[in-house]
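Residue-level listing of the chains:
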Amino acid sequence: MGIFEFGQKLAKLRDVASGPVIIIGLTASMGGFMFGADTGQISGFLIMQDYLHRFAERDALGVYKFNDARAGAIVGIFSVGALLGSLASGPIGNRLGRRVGMIIGTIVFSAGTAIQLGAINKWYQIVVGRLITGTAIGILSVLVPMYISETVPKEVRGAMVAMYQLFVTLGIFLSYCINLGTSNLTDSASWRVPLGLSYLWAFILAIGMAILPESPRWLLAHDRCDDTLEALRFIAGKHRHNDKLIESQYQDIAATVQIERNLPKSTRGKILYRTLLGFCLQMLMQLTGANYFFYYGTNVFRSVGIENSYATQIILGAVNFMFTLPGMWAIERFGRRKPLIFGGLWQCAWLIIFGSVGSQFNPTDNRAAGAVMILSTCMFIIGFASTWGPGIWVATGEMYPLRVRAHCASFATAGNWFWNFMLTFFTPLITSSIGYRLGYIFAGLNLLGVVVVFFFCYESSNLTLEQVDMMYNDSNSKPWTSGKWVSPENSSRHKTAMDNFNEEVPAAEKLEHTEQHERISLENVNCPRETGLAAERGTMSNLSPGNQHAALKS
């Protein structure tokens, strides 16, 4: 890409990435921050003295420690709650909206946090509290990526959805730092202060969602046409007075809503294909082995003399956070498929090195072997943080049609939480049996992920969500050639909505719109509730070529 071409693309991104778009991405991604903060907190709580004295067992030597069953219940119950929450998010998001669903998630999260804060010495009270907070995080893990993908422009959608994963890593890292800061306290403030801060993160998300608009696609699907126009104007930022742009976006969504309403019940549109694909991708993200290193990486670091568990967590958390940033760029620059394929191969290579060295040498006795394993761990996390970590959330957030998006996304995310629980429960048992050779198993699963992405996952970058649906239903489009697929109304994937406006409107007229804010009438904008199937067929000739194509294929 030449300097001039890069400058043009950067200018276009600045044009569509308005202040409101950035605010939407930052605010909604607080749901990811809440998830990351909770994940980072509990790993530190389990080794804090006051937490041990209150909720662990005392052995014959007078030492307080958690047995595997109790520690597994406290940690693993969170994933069970998240699984339940992710399944419940579909009906909640469809009936009440994405925005209201997230507000409900913050309320449930606060209730679970209160139960934990009120615990005195009953470990099962912590379990109940974490089950409830896990349910809230499960709801947010579905609705946050869905809300962002349905709201922001296609040109920055990948980066904005990837911001959810960035905030997960930021939450993990900051909670590690906070745990380190309070670990020297000898009373309950050592864990109650970090836990109490969770209210702040939930408050930020709840207030933000109370102010920001609802998803335009959800609004129009529920016949709230005026609210849809207001939402589109808010998202457009400095282009809010460009009525031709707003009308074009509205009509594209309205046409899709109307067509989907009139689809025969027997029409599947590759829904099952995409639902199973999303579930597999979320499952394979867990099976990359990333959580193995976050949960059990301290054992490797001890081999080179780093005994402080908090220091180990901060090192891994910092690497995870820093390298999610280039991942946001890679997803927009190279699309969705290439980073996932390259990342899977990269992760596989380092896992093979990790497993080989760990199975041949004892890292606790051989410092050189320990150093290689630490390098392998960090290089694996670099690959995961910049590819599979954010990439799967982006890919699964874009692949479903509006009418089933909430239900399909909730089912796919349930796959993530189910396998998160399975790994949390079974990894210690497997590790005690085969040791570091577990790296070979994770390496094979990463290769499986590469195969699934190559043969089944479509390239959805620089397409609207409506165009992604068209691509999946185009019999001539295959996953390995989908990067070249272009919708009928565009000559290029990189043609933005503003490009279309620039071509259709003379410069003098555009200047007049900008300076005088002379708005064209939106009376010709049709609300889906006002048009039946006959009306939709009668006005087919007025639809854009892409919408005609979608209607005819349906």
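Up top is the structure.
Remember, it's a predicted structure, so these values are computed and weren't measured experimentally.

Colleague: When you look at the overall build of the protein chain in this model, what are you seeing that I'm missing?
Modeller: Regarding its fold elements, the protein chain presents 28 helices and 2 strands. Taking all 554 residues of the protein chain together, 56% fall into the buried category. A sequence separation of at least 24 residues applies to 81% of the contacts in the protein chain between residues at least 6 apart. About 22,800 Å² of surface is accessible on the protein chain, with carbon and sulfur atoms providing 64% of the total.

Colleague: For this particular structure, what's the right way to read the nonpolar core?
Modeller: Within the largest apolar cluster, 102 residues are counted, with the highest numbers of intra-cluster contacts made by M34, I137, Y147, I148, L281, F380 and W388. Excluding residues within four positions of it along the chain, M34 makes contact with F109, I137, L140, W201, A202 and L205. In this structure, L46, A56, I74 and V75 belong to the second largest nonpolar core, which totals 19 residues.

Colleague: Explain helix α17 (residues 309–322) here, please?
Modeller: Residue pairs spaced three or four apart in an α-helix point in one direction, given the helix's 3.6 residues per turn. A rise of 1.5 Å per residue sets the reference length of α17, with its 14 residues, at 20 Å; its end C-alpha atoms lie 20 Å apart and thus fit the reference within 8%. Across the 14 residues of α17, 10 count as buried, placing the element largely inside the fold. Looking at α17, one finds that the buried residues are S309, Y310, T312, Q313, I314, L316, G317, A318, V319 and N320.

Colleague: I tried to follow the pattern of salt bridges on my own but got confused; where do I start?
Modeller: One pass over the structure, following the stated rule, counts 12 salt bridges. Residue E57 pairs with R70 through a salt bridge whose shortest N-O separation is 3.6 Å. Separated by 13 residues along the polypeptide, E57 in strand β1 (residues 57–58) and R70 in helix α5 (residues 68–96) bring together distant segments of the chain. Residue class for E57 comes out partly exposed when judged on its relative accessible area of 35%. What makes R70 buried here is its relative accessible area of 15%. Note that E398 and R336 form a salt bridge whose closest N and O atoms lie 2.6 Å from each other. Here E398 is found in helix α21 (residues 388–398), whereas its partner R336 is found in the loop between α18 (324–334) and α19 (337–360), with 62 residues between them in sequence.

Colleague: Which parts of the structure should I look at to understand the packing of helix α12 (residues 225–236) against helix α13 (residues 243–261)?
Modeller: The packing of two helices is summarised by the inter-axis angle and the distance between the axes. It is at 10 Å that the axes of α12 and α13 come closest, and there the two elements cross at 125°. Viewed along their axes, α12 and α13 adopt a mutual orientation that is oblique. Seen from above, α12 lies across α13 with right-handed handedness. Listed contacts from α13 to C225, T228, L229, L232, R233 and A236 of α12 are D243, I246, Q249 and Y250. Among the residues making up the contact of α12 with α13, the classes are represented as 6 nonpolar, 2 polar and 2 charged.

Colleague: I tried to follow the side chain of D474 on my own but got confused; where do I start?
Modeller: The topology assignment puts D474 in the loop between α24 (465–473) and α25 (497–504). Within the structure, D474 has its side chain in polar contact with the backbone nitrogen of N476 (distance 3.0 Å). Side chain to side chain, D474 and W485 meet in a polar contact 2.8 Å long.

Colleague: Sorry if this is basic, but what is going on with the packing of helix α8 (residues 154–182) against α18 here?
Modeller: Where α8 contacts α18, the two axes come as close as 8 Å, and the packing angle between them is 160°. With respect to each other, α8 and α18 are oriented roughly antiparallel. Judged by the sense of rotation from one axis to the other, the crossing of α8 with α18 is right-handed. Note on element contacts: α18 touches α8 through T324, L325, M328, I331 and E332, opposite E155, V156, R157, G158, A159, A162, M163, Q165, L166 and T169. Looking at the contact of α8 with α18 residue by residue, the class counts come to 8 nonpolar, 4 polar and 3 charged.

Colleague: Is there a simple way to explain empty space enclosed by the protein in this structure?
Modeller: The probe, sized like a water molecule, is rolled over the atoms to show the empty space still left. For the coordinates displayed, the defined rule picks out 4 cavities of 30 Å³ or more. The computed volume of the largest cavity comes to approximately 100 Å³. Every residue lining the largest cavity is counted, 13 residues in all, and those nearest its centre are V142, P145, T396, G397 and A409. Considering every element that reaches the lining of the largest cavity, the biggest residue donor is helix α7 (residues 123–151), with 5 residues. Partitioning the lining of the largest cavity into residue classes produces 6 nonpolar, 6 polar and 1 charged. Looking at the second largest cavity, its volume works out to about 60 Å³. Together, R217, T256, E260, P401, L402, R405, L465, E466 and D469 line the second largest cavity.

Colleague: Would you mind showing me how to read the packing of aromatic side chains here?
Modeller: Two numbers describe a pair of aromatic rings. These are the distance of the centres and the angle of the planes. In the structure shown here, the tally under the stated rule is 30 aromatic pairs. Between F78 and W417, the ring centres sit 6.1 Å apart and the planes meet at 70°, which makes this aromatic pair edge-to-face. Taken together, the residues span a long stretch of sequence, with F78 in helix α5 and W417 in helix α22 (residues 405–434) at a distance of 339 residues. With relative accessibility at 4%, the residue F78 sits in the buried group. Overall, the relative accessible area of 2% leaves W417 in the buried class. Consider the rings of Y292 and F442, whose centres lie 5.9 Å apart with planes at 45°: the pair is tilted. Separated by 150 residues along the polypeptide, Y292 in helix α15 (residues 290–296) and F442 in helix α23 (residues 438–456) bring together distant segments of the chain. The class of Y292 is buried, set by a relative accessible area of 8%. Accessibility expressed as a relative area gives 4% for F442, which makes it buried. An aromatic cluster of three or more residues is present, and its members are Y292, F293, F354, F380, F384, Y436 and F442. Over the aromatic face of Y273 sits the side chain of K270, whose NZ or CZ is 4.9 Å from the ring centroid.

Colleague: Please clarify how unusual backbone geometry should be interpreted in this entry.
Modeller: Only a minority of non-glycine residues have a phi that is not negative, and only a minority of peptide bonds are not trans. Despite not being glycine, D223 shows a phi value in the positive range, around 60°. Locating D223 in the fold gives a position in the loop between α11 (216–221) and α12. Phi at N462 takes a positive value of approximately 60°, unusual for a residue other than glycine. Taking relative accessible area as the criterion, N462 reaches 9% and is therefore assigned buried.

Conventions used here
Residues numbered from 1 in each chain as written. Predicted model: local features only at pLDDT ≥ 70, side-chain atom pairs only at ≥ 80, totals over all residues. Heavy atoms only, no water. Helix = DSSP H or I, 4+ residues; strand = E, 2+ residues; numbered from the N terminus. Buried < 20%, exposed > 50% of the residue type's maximum accessible area, 1.4 Å probe, protein only. Contact = heavy atoms within 4.5 Å. Areas by Shrake-Rupley, 256 points an atom, 1.4 Å probe, with all protein chains shown as cover. Core = buried A, V, L, I, M, F, W, Y, C linked by side-chain atoms within 4.5 Å. Expected span 1.5 Å × (residues − 1). Salt bridge = Lys/Arg side-chain N within 4 Å of Asp/Glu carboxyl O. Axes fitted to C-alpha atoms, helices over the stretch in contact; angles between N-to-C directions. Parallel < 35°, antiparallel > 145°, perpendicular 65-115°, else oblique. Left-handed = near helix turned anticlockwise from the far one by under 90°. Nonpolar A, V, L, I, M, F, W, Y, C, P; charged D, E, K, R; others polar. Polar contact = N/O pair within 3.5 Å; in protein donor to acceptor, adjacent residues only side chain to side chain. 1 Å grid on protein atoms, 1.4 Å probe; cavity = no way out; pocket = protein on both sides within 12 Å on 5 of 7 lines; lining within 4 Å. Points joined across faces, edges and corners; volume = space filled by probe spheres on them. Phe/Tyr/Trp six-rings, centres within 6.5 Å; stacked < 30°, edge-to-face > 60°. Lys NZ or Arg CZ within 6 Å of the ring centre and 35° of its normal.

Read these as layout, nothing more, since geometry by itself doesn't imply function.
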